[in-house]
Amino acid sequence: MGNSHDQLPAPNDTVDIRLISSESNWIEGAAIQQLQKTAELNGMRAVAGMPDLHPGRGYPIGAAFFSVGKIYPALVGNDIGCGMSFWQTTLKLSKLKLDKLAKSLSDIEQPLSEDWDEEVRDGKIGKNILNDEFDRSLGTIGGGNHFAEFQAIDRIENQALFEEAELNKNFTYLLVHSGSRGLGQSILSEHVTQHNHNGLQESCDDFSAYMAKHDEAVRWAELNRELIARRFMQAVRCEGRPILDVNHNLVSPVEVSGSTGWLHRKGATPSDNGLVIIPGSRGDYSYLVKPVEETAHRSLFSLAHGAGRKWARGDCKARLDKRFSSEDLLRTKLGSRVICGDKELLYDEAPEAYKRCDDIIQSLIDEGLIEVVARLRPVLTFKTQGRCDK
DNA sequence: ATGTGC
């Protein structure tokens, strides 16, 4: 069974460090070092690296961290509430025209027009969002690894679960990956200005102040993904229904092995909240999976949030520009189309920069953490068009 | 990651 479920050397005997990974799944050493370093933080009781673990700025991405008495906002990072929203649309797959689809998305990055005012207002009231500083970003996906992707059901892996979720392979699906944009960033900046990377004691005022803002950013990110999805569906003239919406960057109260504390997730998909999507790169399959309840504690109630980076951002262009022109990168091996106006990003997010999603999924299966419902194939991936002045 | 920064 390879090194799956390995116990790694811990800084002291009270911290449980584990790595969810099979032999076929490569994980960068630097990421494991970061995971071990994070386990040394005061109050930390358990950390778990997911199969997509990779190095971040000081702390690893693709991991869950359980602490008691303290939280660490820097572990969650700036994109509080970032996650995946998955929709079944009414668009018949057989009637899909890629050129037409691509054309209809020309205006999709501008701030929402006044036509959306009522929906935005109602959405904010419904989710108790009072902040209005970043209203102009609501309904926009942003940059980095964020995207919106039309997908097709490529293979049904579990017919019973597929039917239970009331899915239909004749229709097109929409996957949205985005977060809290400038709002989460402003919350982390404020915290770091006051406290550096120190944690916040549960009893202090700044703790509850941070949590209140964090929770609002999580709701903001959820509303953002819904508005993005509705906007895309309106642009391509269809309707749809939400299948799931799951955050992979957040901190929430939890009980682990009888202790009450806080679970930080940084690029870690909750496995205690129904079906989830584990997306591959834009040139790879994504998987709709059902977390196994009985084993969820083994991975701190978390799963991988994607295929995981193989190469650091910024290294990608130099590694790929001899092999691929930027035009080449607008199509993938799976026959899907890519819309992205930012050339650097086109390389940074190339399929080659990510691991095979299959290896990630296999690691989770080996560990008994998931059942695969269906495999999805990308049809068209929309990413940022870059800055207007470029 | 960032209504990014020189």
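Above this text is the structure in question.
Thresholds applied
Residues numbered from 1 in each chain as written. Chains lettered and ligands numbered in written order. Predicted model: local features only at pLDDT ≥ 70, side-chain atom pairs only at ≥ 80, totals over all residues. Heavy atoms only, no water. Buried < 20%, exposed > 50% of the residue type's maximum accessible area, 1.4 Å probe, protein only. Helix = DSSP H or I, 4+ residues; strand = E, 2+ residues; numbered from the N terminus. Arc of directions from axis to C-beta. Contact = heavy atoms within 4.5 Å. Phe/Tyr/Trp six-rings, centres within 6.5 Å; stacked < 30°, edge-to-face > 60°. Core = buried A, V, L, I, M, F, W, Y, C linked by side-chain atoms within 4.5 Å.

Draft legend 1. Structural view of helix 4 (residues 117–126). Among the residues of helix 4, Val120, Gly123 and Lys124 are the ones counted as buried. Seen end-on, helix 4 carries its buried residues on one side only, within an arc spanning 95 degrees. Looking at helix 4, the residues exposed on the side facing more than 90 degrees away from the buried face are Glu118, Arg121, Ile125 and Gly126. Those residues of helix 4 hidden inside the fold are in contact with helix 7 (205–235). Remark: Asn128 follows helix 4 within two positions and exhibits a positive phi of approximately 55 degrees.

Draft legend 2. Spatial organisation of the packing of aromatic side chains. The tally for this structure, following the rule as stated, stands at four aromatic pairs. Judged by centre distance (5.4 Å) and plane angle (15 degrees), the rings of Phe86 and Tyr173 are stacked. Of this pair, Phe86 sits in strand 6 (residues 83–92) while Tyr173 sits in strand 8 (residues 171–178), and the two are 87 residues apart along the sequence. In this pair, the class of Phe86 matches that of Tyr173, namely buried. Ring geometry for Phe150 and Phe232: centres 6.4 Å apart, planes at 55 degrees, overall tilted. A residue pair is termed long-range when its members are at least 10 positions apart, and Phe150 in strand 7 (residues 147–156) and Phe232 in helix 7 qualify at 82 residues.

Draft legend 3. Spotlight on the nonpolar core. Counting 59 residues, the largest nonpolar core has Phe86, Ile278, Val289 and Leu364 as its most contacted members. Among the elements that make up this core, the one with the highest residue count is strand 18 (residues 370–382) (five residues). The contacts of Ile278, once residues within four sequence positions are left out, are Ser286, Tyr287, Val289, Leu303, Ala304, Gly306, Cys357, Ile360, Ile361 and Leu364. Counting 23 residues, the second largest nonpolar core, distinct from the first, contains Val120, Ala217, Leu250 and Val251.

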